[in-house]
Amino acid sequence: MSTILVRYGEIALKGRNRGQFEQQLQRNLKGALQNLDATIIRHRGRFSVHCPDAALQKVTMRLGRIFGLVSFSPVYETVHDIEAIKAAAAAIVKELPSGNKTFKIMARRSNKDYPYNSPELNQILGAHLLQCYPDLTVQLDDPSSILEVEIGYQNTYLYLERIPGPGGLPVGSSGRALLLLSGGIDSPVAGWLAMKRGLSFEAVHFHSFPLTSKRSQEKVVDLCRKLMLYGHNIPLHEVSVTKIQEALRKNCPADLSVILLRRMMLRLAEKLCELRKLKVLVTGENLGQVASQTLDSIDVISKATRMLILRPLISFDKLEITAIAEKIDTYETSILPYEDCCTIFVPASPVTKPKLAVIERFEQNLDLDLLLEEALETLETQIIK
Ligand code: ATP
Ligand code: MG
């Protein structure tokens, strides 16, 4: 069996509901590690995960994606007996690659009844290692290896590394959102960042089948599959806006079509939120990127709903967004060249300074309620697992 110590950001918990945070994190750990035969034990201020040795690599890979984790360490576990600890330290150091010639011991005891204090432990274990391996030297500043030793209440843990976790808050601890997921680069990244701050989400994708291909819808399914690895199963709602686009084309000037379509998307999203009891919208909007994302455009678009809209990418540069997309492995999928409902009928010169009054005048010529109702009748939902 392997043991991994899992740490979360205690400092970030001040003033928060700590119990809920820990429970959510424990549920998320359980979900992420299911079918790996792992047990999760909650201790004061951290967790330990126990799994068969063969599953260790998969477990550490999955832990690296769980929001809320600050770091984790595969550990060697032994009893309190000082001879056992010495033997364990020697066994661990023996496995080090041959270049690791300098080391230091960092011992700690949560159990203050233990007969040796931390400096004494450092001393005893350091001396033992020097005796076992004469080519090693102790170096307190920037050694090639640090062996941490923790005397707990029941056991002693020894480990060489703290693998950084992704930080953030446990997914689900901040509430439930609806992610507007296009097939582009930005919205999957926005969804990932929302999860990072503890939001869980359902996703909605607006398509124009048969004007857009089924492939572009499959692409969105693939994006959900990638995002799911960081959180949970994702309910994906797909809604056709084909009829809405036809109505806009007949009744409104082409240079306003993007703004008008976006406003319809928000209205549909709001209705879905009512249906699914979701509190907030998340989009991949980014200030200044395209015509529909000038300050005026974002303002006019968002006035179609009274819902709170979060835009995690608002201040990011494209390069920063792309770097995250690559890190979370959505980039390659996002750049597949399938058409999106927004890329068909793109006007030659969309307005960049839309006026709300003008937009509303054109909307008065449309039967908005009927269009929304007809669009919602096309709703198809699948759970991406
Ligand atoms: P993305 O890369 O996410 O497509 P973008 O930079 O192309 O973003 P826009 O096309 O202006 O920006 O879209 C802005 C946001 O509106 C998207 O990030 C997404 O949240 C939402 N959105 C756009 N098109 C769709 C769609 N077909 N279905 C669902 N949401 C969409
Ligand atoms: Mg787009």
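Our subject is the structure that appears above.
It should be emphasised that the depicted structure is a prediction, and the values quoted were computed from it without experimental measurement. (Residues numbered from 1 in each chain as written. Chains lettered and ligands numbered in written order. Predicted model: local features only at pLDDT ≥ 70, side-chain atom pairs only at ≥ 80, totals over all residues. Heavy atoms only, no water.)

(A) Quick peek at the packing of helix α8 (residues 257–276) against helix α13 (residues 368–377). Contact geometry of α8 with α13 gives a least axis separation of 10 Å together with a crossing angle of 60 degrees. Every pair of crossing elements has a handedness; the one defined by α8 and α13 is right-handed. Here Met264, Arg267, Leu268 and Lys271 of α8 come into contact with α13, specifically with Leu368, Leu371, Leu372, Ala375 and Leu376. The residue inventory of the contact of α8 with α13, partitioned by class, reads seven nonpolar, no polar and two charged. (Axes fitted to C-alpha atoms, helices over the stretch in contact; angles between N-to-C directions. Helix = DSSP H or I, 4+ residues; strand = E, 2+ residues; numbered from the N terminus. Left-handed = near helix turned anticlockwise from the far one by under 90°. Contact = heavy atoms within 4.5 Å. Nonpolar A, V, L, I, M, F, W, Y, C, P; charged D, E, K, R; others polar.)

(B) Quick look at the environment of Ile309. Inspection of the secondary structure assignment puts Ile309 in strand β14 (residues 309–310). In this structure, the C-alpha to C-alpha distance between Ile309 and Leu178, residues 131 residues apart in sequence, is 9.6 Å. In contact with Ile309, other than residues within four places in its own chain, are Leu266, Leu281, Thr283, Glu285 and Ser302.

(C) Examining the layout of surface pockets more closely. The computed volume of the second largest pocket comes to approximately 780 Å³. In this structure, the second largest pocket is lined by 26 residues; those nearest its centre are His43, Arg44, Arg46, Ser110 and Glu150. Within the residue set of the lining of the second largest pocket, elements represented by two or more residues are β1 (2–8), β2 (39–43), β3 (46–51), β4 (69–78) and β5 (102–109). Here the lining of the second largest pocket is built from residues that sort into six nonpolar, ten polar and ten charged. (1 Å grid on protein atoms, 1.4 Å probe; cavity = no way out; pocket = protein on both sides within 12 Å on 5 of 7 lines; lining within 4 Å. Points joined across faces, edges and corners; volume = space filled by probe spheres on them.)

(D) Fine view of the environment of Lys277. As for its position among the elements, Lys277 is in the loop between α8 and β13 (280–282). Between the alpha carbons of Lys277 and Arg262 there is a distance of 22 Å; along the sequence they are 15 residues apart.

(E) Representation of the nonpolar core within the structure. In this structure, Leu178, Phe206, Ile244, Leu268 and Leu281 are the most contacted members of the largest nonpolar core, which totals 34 residues. Within the residue set of this core, elements represented by two or more residues are β10 (175–180), β11 (199–207), α7 (242–251), α8, α9 (295–302) and α13. Considering each element in turn, this core owes the most residues, ten residues, to α8. Those residues in contact with Leu178, other than ones at most four positions away along the chain, are Glu202, Ala203, Val204, His237, Ala269, Leu272, Cys273, Leu278, Val280, Leu281 and Val282. Counting 32 residues, the second largest nonpolar core, distinct from the first, contains Val171, Leu179, Ala203 and Leu236. (Core = buried A, V, L, I, M, F, W, Y, C linked by side-chain atoms within 4.5 Å. Buried < 20%, exposed > 50% of the residue type's maximum accessible area, 1.4 Å probe, protein only.)

(F) View of a negative patch on the surface. Together, Asp367, Asp369, Glu373 and Glu377 make up a negatively charged patch on the protein surface. With respect to the element layout, Glu373 can be found in helix α13. (Patch = residues over 30% accessible without salt bridge, like charges linked within 9 Å, V, L, I, M, F, W, Y side chains within 5 Å. Areas by Shrake-Rupley, 256 points an atom, 1.4 Å probe, with all protein chains shown as cover. Salt bridge = Lys/Arg side-chain N within 4 Å of Asp/Glu carboxyl O. Lys, Arg positive; Asp, Glu negative; His and termini not counted. Charge placed at Lys NZ, Arg CZ, Asp CG, Glu CD.)

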